[in-house]
Amino acid sequence: MTPAGSSLLSFRISGRRMVGSRGWLSPGSQAYRSPKRRSTWSSIVPALLLWCLAADTSGAVQEWVVGEGGVSWEAVMNQDRSRNVETTEQGWLQQVRVDPDRNLCLGVFDRGGWYTGAGGNLIWSGSIHGAFDGDPNTAAIIIRGRGRISVDLGASYPVNRLRFYPRSRFHLRFIPGFEVFVNDGHLAPDLSGRDMWTLASVTAEGSTNNVINWRRLYERRDNLESEVDLAFDRQYVRYLQISDFVQSTWEMAQIEIYGDGYVREADYGSNVIDLGETADFGNLSWDLQLDPGAQVTVRTRSGRTPDPYRYYRLTGIGPSGQTRVSREEYVRLRDDRGSMELDTDNWSFWSPPYNIEAGSQAMQSPGPRRYVQFQIHFQAGETYDDGVRFQRLELEYYAPPLADEITGEIAPAVVEPGMVTTFRYALAGRFAPGHRGFNTVHIMTPVQIDPATVREVYIGGIPVDAAVTAEADHFVLTLPRQVQHEEDVVTLTFDCPVFVPGTLFAATVYEHDGARIGQQVVSGSAAAEVGTSSLAVNWALEGTLLGNVEVSPSVITPSGDGVNDAATISFAVLQLTQPARVTVQVFDLQGRLLWDYTDRSSSGPVTIRWTGVDRNGHRVLPGTYVYSISVRAAGKEDRRTGLIAVVY
């Protein structure tokens, strides 16, 4: 296993693509590729040469690549975090695909599985290992007893065949009757605190009170075959148990389990990737083939130190009873070994999953950082032959970064929900020689704002003219000069409503307009006049799902002359984290429902028009009517009512 702080870099120069056996797209499979044109390099560059290349290309967009065109998947694999993965002849990464001639009983301990034997009045001759060592001349022997043998394959494999037999010179010592139980491992049993004998016990189908909920696969009470070879429909199996019926003497030279197809789940975890220096992150991109029904999840985390963890020795001293030690000391500890915890001061948690269908996405882990880790989780489709083949993974980065760190804050921190609020925003950076600074800022917003409301832009307390453009979910502020000194604090004012408590006005800064890679802004103190040290906005009001309700005009004349023909009912839906049902209804004064509108809506502004008609499209009579707006979410309902007059 590569040490946590090892350096593995690859720079792409030129090359080609290749596709071979198991690399062709199966019918219906999809290829997800980064949208930009690729150039690849087919060999792994020695680490020393990579350091030279890193120095030569400092200050430019660089790329770290694993898979085709970069370092091999094996070179950066963390053995402790990876299971049931393999590489194809082309060097692509996939979950293990079981060949029909592979005996899955071999190497189960290496895959995190186990095997054991148990039973009443049981006497073992030799060792249980004789049935799993691949040698037909050794055996697990039961003498004048009853017994059962259990195996954990270490993962859920698509199994369709079971074979077991005694040694050839003792061919009459076959099991006289047996039943076979299986469990697919989908609901992992609680194996904590259990010995191997308990793990072997048979439990009834449907039971929820035992360690492993076995399902009977096969039963043969009178067995006359020395070599038992059972073929059955392909199914996922992780645990398998063979149990006899009567007290007797029998042996098994080998137990063999075979299958065909992809293992149901697999994981790949990388070692810590050292980029050589602190860098800003760009896009994470990937090329892969995804068969129908199969799934894959990619996550990342980033850090400032070579090791993501803190290590402790048990001492019994202090509140925690532990003392922090180095990794080297921790490895040497035995009975006094304490906990191993994520170093949250220097490392981020695992990111949300990346959008695989996009082929490329901005790095979700915070920067600037020097160290990166990634993990991939594979899940096969239900047809057993549908899997995932990962061709390559690429991270863009920019070194040195634009700044050591850029902090931002917004005020006010507490607002009235749904109402347009004037916000004050501030940015400040810590810069060192070689940092180029920024002149472009992207600020995320819950709705598209009016660029004209962005005003009072200052750099270091001096007003400046800045260009502003607005998109649906952010606006871009282009400054007239570069910000690269600590005293160059950027402040601005803009107007925007907020519909969800905890809305984050996240920001990214760029060296110049159109730059590919920017630097994320972190919450922190930037300007004394703002004083919140946060980029999030909340409100004190609880339970409110509706706000900012307006009806205009309140008196309508639906005569078709184009003047006040309809009432515009506008409101804000608040606090929803996922779409919910929104209903607008109109009643007469006797409470009879005349007209309604129903749709699903997310948090944000909603506008509905009522043209003075009933459900059948007929004009209502002159008079006063009651409108009702309701939102129902998470078992709660919020409702607003009011009056609309209709005259002719």
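Criteria and thresholds
- Residues numbered from 1 in each chain as written.
- Predicted model: local features only at pLDDT ≥ 70, side-chain atom pairs only at ≥ 80, totals over all residues.
- Heavy atoms only, no water.
- Helix = DSSP H or I, 4+ residues; strand = E, 2+ residues; numbered from the N terminus.
- Buried < 20%, exposed > 50% of the residue type's maximum accessible area, 1.4 Å probe, protein only.
- Pairing = 2+ DSSP bridges.
- Axes fitted to C-alpha atoms, helices over the stretch in contact; angles between N-to-C directions.
- pLDDT = per-residue confidence, 0-100.
- Contact = heavy atoms within 4.5 Å.
- Core = buried A, V, L, I, M, F, W, Y, C linked by side-chain atoms within 4.5 Å.
- Polar contact = N/O pair within 3.5 Å; in protein donor to acceptor, adjacent residues only side chain to side chain.

1. Here's the deal with unusual backbone geometry
Here's step 1: A cis amide bond, omega 5°, links A411 with the succeeding residue P412.
Here's step 2: Structurally, P412 can be placed in the loop between strand 25 (405-411) and strand 26 (421-430).
Here's step 3: Residue S552 is joined to P553 through a cis peptide bond whose omega torsion reads -10°.
Here's step 4: Relative to the assigned elements, P553 resides in the loop between strand 38 (546-552) and strand 39 (555-556).
Here's step 5: Positive phi, normally seen in glycine, also occurs at Y384, with a value near 75°.
Here's step 6: With respect to the helices and strands, Y384 occurs in the loop between strand 23 (369-379) and strand 24 (388-398).
Here's step 7: Taking relative accessible area as the criterion, Y384 reaches 18% and is therefore assigned buried.
Here's step 8: You will see that N564, though not glycine, has its phi angle at about 50°, which is positive.
Here's step 9: With respect to the secondary-structure elements, N564 resides in the loop between strand 39 and strand 40 (567-573).
Here's step 10: Given a relative accessible area of 39%, N564 falls into the partly exposed group.

2. Regarding the sheet that holds strand 38
Here's step 1: Sheet architecture is open: 3 strands sit in the order 38-40-43, paired in antiparallel fashion. Edge positions in the sheet fall to strand 38 and strand 43 (604-610), since each has one partner strand and no second. Averaged over neighbouring strand pairs, the angle between their axes works out to 15° when direction is ignored.
Here's step 2: Of the strand pairs in this sheet, strand 40 and strand 43 are connected by 7 bridges, and their pairing is antiparallel. From the neighbouring strand, S570 faces strand 43, where its bridge partner is T607.

3. Considerations on the confidence of the model for the chain
Here's step 1: Looking at the chain, pLDDT values average 85 and 86% of them are 70 or higher.
Here's step 2: Helix 1 (residues 47-56) is the least confidently modelled element of the chain, averaging 35 in pLDDT, while strand 32 (residues 490-496) averages 98, the highest of any element.
Here's step 3: The low-confidence segment residues 120-125 (pLDDT under 50) makes 22 contacts with residues lying over four places distant or belonging to another chain.
Here's step 4: Within the model, pLDDT remains below 50 along residues 192-210, and this stretch shows 39 contacts once partners closer than five positions in the same chain are excluded.

4. Some thoughts on the environment of D404
Here's step 1: Locating D404 in the fold gives a position in the loop between strand 24 and strand 25.
Here's step 2: When its relative accessible area of 41% is taken as the criterion, D404 is described as partly exposed.
Here's step 3: Linking D404 and A432, residues 28 residues apart in sequence, is a C-alpha distance of 7.1 Å.
Here's step 4: Setting aside anything within four residues of it in sequence, one finds D404 in contact with P368, R430, A432, H435 and Q519.

5. Description of the pairing of strand 42 (residues 593-601)
Side chains on a regular strand alternate between the two faces of the sheet.
Here's step 1: The sheet contact formed by strand 41 (residues 580-587) and strand 42 spans 8 bridges and is antiparallel. For V586, the partnering residue across the bridge sits in strand 42 and is W595.
Here's step 2: Count of turn residues in the strand 41/strand 42 antiparallel hairpin: 5 residues, of which G591 carries a positive phi of about 85°.

6. Regarding the nonpolar core
Here's step 1: In this structure, L162, I255, Y268, I376, F378 and F390 are the most contacted members of the largest nonpolar core, which totals 69 residues.
Here's step 2: Contact partners of Y268, with chain neighbours within four places excluded, come to W73, V76, M77, R81, S82, V85, L93, F374, Q375, I376 and F378.
Here's step 3: Residues A403, V457, V509 and V537 belong to the second largest nonpolar core, which totals 40 residues.

7. A short note on the sheet that holds strand 44 (residues 623-633)
Here's step 1: In space, the 5 strands of this open sheet follow the order 39-45-44-41-42, with mixed pairing throughout. A strand with exactly one partner marks an edge of an open sheet, and here the two such strands are strand 39 and strand 42.

8. Description of the side chain of D291
Here's step 1: Along the polypeptide, D291 turns up in the loop between strand 17 (273-290) and strand 18 (295-303).
Here's step 2: Of the polar contacts made by the side chain of D291, one reaches the backbone nitrogen of G387; its length is 3.0 Å.

9. Some details on the pairing of strand 16 (residues 265-269)
Here's step 1: Burial within strand 16 is extensive, with 4 of its 5 residues counted as buried.
Here's step 2: As paired strands, strand 16 and strand 23 are joined by 5 bridges and run antiparallel to one another. In the sheet register, D267 faces strand 23, and the bridge partner there is H377.

10. Overview of the environment of T607
Here's step 1: Mapped onto the secondary structure, T607 falls in strand 43.
Here's step 2: For T607, a relative accessible area of 53% translates into the label exposed.
Here's step 3: C-alpha of T607 to C-alpha of V551: the two residues are 56 residues apart in sequence and 9.7 Å apart in space.
Here's step 4: In contact with T607, other than residues within four places in its own chain, are T568, I569 and S570.

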